[in-house]
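Secondary and tertiary structure notes
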Amino acid sequence: MNVATEKDDSSSDDALFQARLNADLGNDTLRQLAASIPEFLLVLDRRLHVLVANHSVQHRSAQELIGLCVTEFFPEHLLPVALAAMHRVLDTGQADGYSAELLDRDGCQRNFDIRIRPLCMGQTVAALTLVGTETTEQIRAERAIATQARMIESMLEGVAVVDENAVIEIANPAFDAMFGYRRGELIGRRMTVLARWPIEQRSGWQSASAGDAGSLQVEFDGRRADGTHFTGAGIISEFDVAGRSHSLVVVQDVSERKQLERALLEAVSREQYRIGNDLHDGLGQELTGIA
């Protein structure tokens, strides 16, 4: 008898709380407050029916959502994940969430981070709040960064980013290999380990030609991990990150090209010398004969 009485009291308390919740959520001040929140907000009862909505969802206005069960307007591909998360919160009273991908009216993908929190009366979860924050721009930026990182990783040229103190922050595999180091071994080292010039002092660079504003084409004497040297050439471009100056270094090993250029110049010089001698000797004999 006591158990039945306790159950009846609990059921009565739940009903009373639900009635109070409905009354409070129907307050114009609370509705205006909810409407001012930029994130998507839904308040659901234990049956997952909408008590409060502040923005349109799936082409339904906030007012049209009131009273609907989430199964009536949530996209079908999200329902299994969404329902599982909501039931976990109802069962455990612990916050939960999930990520959602939706298509807008123009067919463009939009990303959301959905956070689910309980509204409790004592030990009982009487309602749920769903707050959806759009993360589309963040996701796009992360994907763009990942794509750029993959592009840099696959480049045949050596690419590195160094800070204002000439400390290497990023280096691709080609850059590491060019200087004879293992993958990632150069991160945190100064550029002065690799060459005879400090990157922050441009007077130490042999400028091949001036490039665009903030960039410079250079040639330098590179130093490998085993102590051998090579001729490097590339471009340094300056940019700022969070108010700090950085440099993007893109370099190639041009030692073979330089050797070929020197060999070509030497061959041309020898040929010029031979032609000069031939002309001198032949012209001298002709002048002697004429005389």
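Look up: the structure comes first, before these words.
Let me sum up the structure you'll find in this document. Here the structure is a predicted model, which is why all the values come from computation and not from measurement.

Points about the pairing of strand β1 (residues 40-45)
Burial analysis of β1 places 5 of its 6 residues in the buried class, which makes it a mostly covered element. Alignment of β1 against strand β5 (residues 124-134), held across 6 bridges, turns out to be antiparallel. Paired with L44 across the bridge in β5 is L128. Looking at chain direction, β1 and strand β2 (residues 50-53) are connected through 3 bridges and run antiparallel. Bridging across to β2, L44 finds its partner in V50.

Concerning the packing of aromatic side chains
This model, assessed by the stated rule, comprises 5 aromatic pairs. Taking 5.5 Å as the distance between ring centres and 85° as the angle between the ring planes, the aromatic pair formed by F40 and F112 counts as edge-to-face. With F40 in strand β1 and F112 in strand β4 (residues 109-121), this residue pair connects regions lying 72 residues apart in the sequence. Look at F40 and you get partly exposed, because its relative accessible area is 27%. Between F179 and F230, the ring centres sit 5.3 Å apart and the planes meet at 65°, which makes this aromatic pair edge-to-face. Of the two residues, F179 is situated in the loop between α6 (173-178) and β8 (206-210) and F230 in strand β10 (residues 229-241); the sequence distance between them amounts to 51 residues. In this structure F230 comes out as buried when scored by relative accessible area, which is 2%. Through a chain of ring-to-ring contacts, the aromatic side chains of F175, F179, F220 and F230 assemble into a single cluster.

A short note on the nonpolar core
F74, M86 and L128 are the most contacted members of the largest nonpolar core, which has 29 residues in total. Put simply, the parts of the chain that give this core at least two residues each are β1, β2, α3 (62-65), α4 (79-92), β3 (96-103), β4 and β5. Here this core takes 6 residues from α4, the largest share from any one element. What F74 contacts, discounting residues up to four positions off in sequence, is L42, L79, A82, M86, Y98 and L130. Listed in part, the 20 residues of the second largest apolar core include Y181, L194, V218 and F230.

Let's talk about unusual backbone geometry
Glycine aside, the phi torsion of most residues is negative, and most peptide linkages are trans. Positive phi outside glycine occurs at L48, with the angle close to 70°. On the basis of relative accessible area, L48 is assigned to the buried category, the value being 5%. If you check the backbone angles, A166 has positive phi at about 65° while not being a glycine. The residue A166 is located in the loop between β6 (158-163) and β7 (168-171) in this model.

Concerning the sheet that holds β4
Taken in spatial order, the 5 strands of this open sheet run β2-β1-β5-β4-β3, and their pairing is antiparallel. Lying at the two open borders of the sheet, with one neighbouring strand each, are β2 and β3. Ignoring strand direction, the axes of neighbouring strands in this sheet form an average angle of 25°. With 10 bridges connecting them, β4 and β5 associate as antiparallel partners. Residue pairing for β5: F112 is matched across the bridge by E134. Across the sheet, helix α5 (residues 136-154) touches β3, β4 and β5, and the angle it forms with β4 is around 130°.

Conventions adopted
- Residues numbered from 1 in each chain as written.
- Predicted model: local features only at pLDDT ≥ 70, side-chain atom pairs only at ≥ 80, totals over all residues.
- Heavy atoms only, no water.
- Buried < 20%, exposed > 50% of the residue type's maximum accessible area, 1.4 Å probe, protein only.
- Helix = DSSP H or I, 4+ residues; strand = E, 2+ residues; numbered from the N terminus.
- Pairing = 2+ DSSP bridges.
- Phe/Tyr/Trp six-rings, centres within 6.5 Å; stacked < 30°, edge-to-face > 60°.
- Core = buried A, V, L, I, M, F, W, Y, C linked by side-chain atoms within 4.5 Å.
- Contact = heavy atoms within 4.5 Å.
- Axes fitted to C-alpha atoms, helices over the stretch in contact; angles between N-to-C directions.

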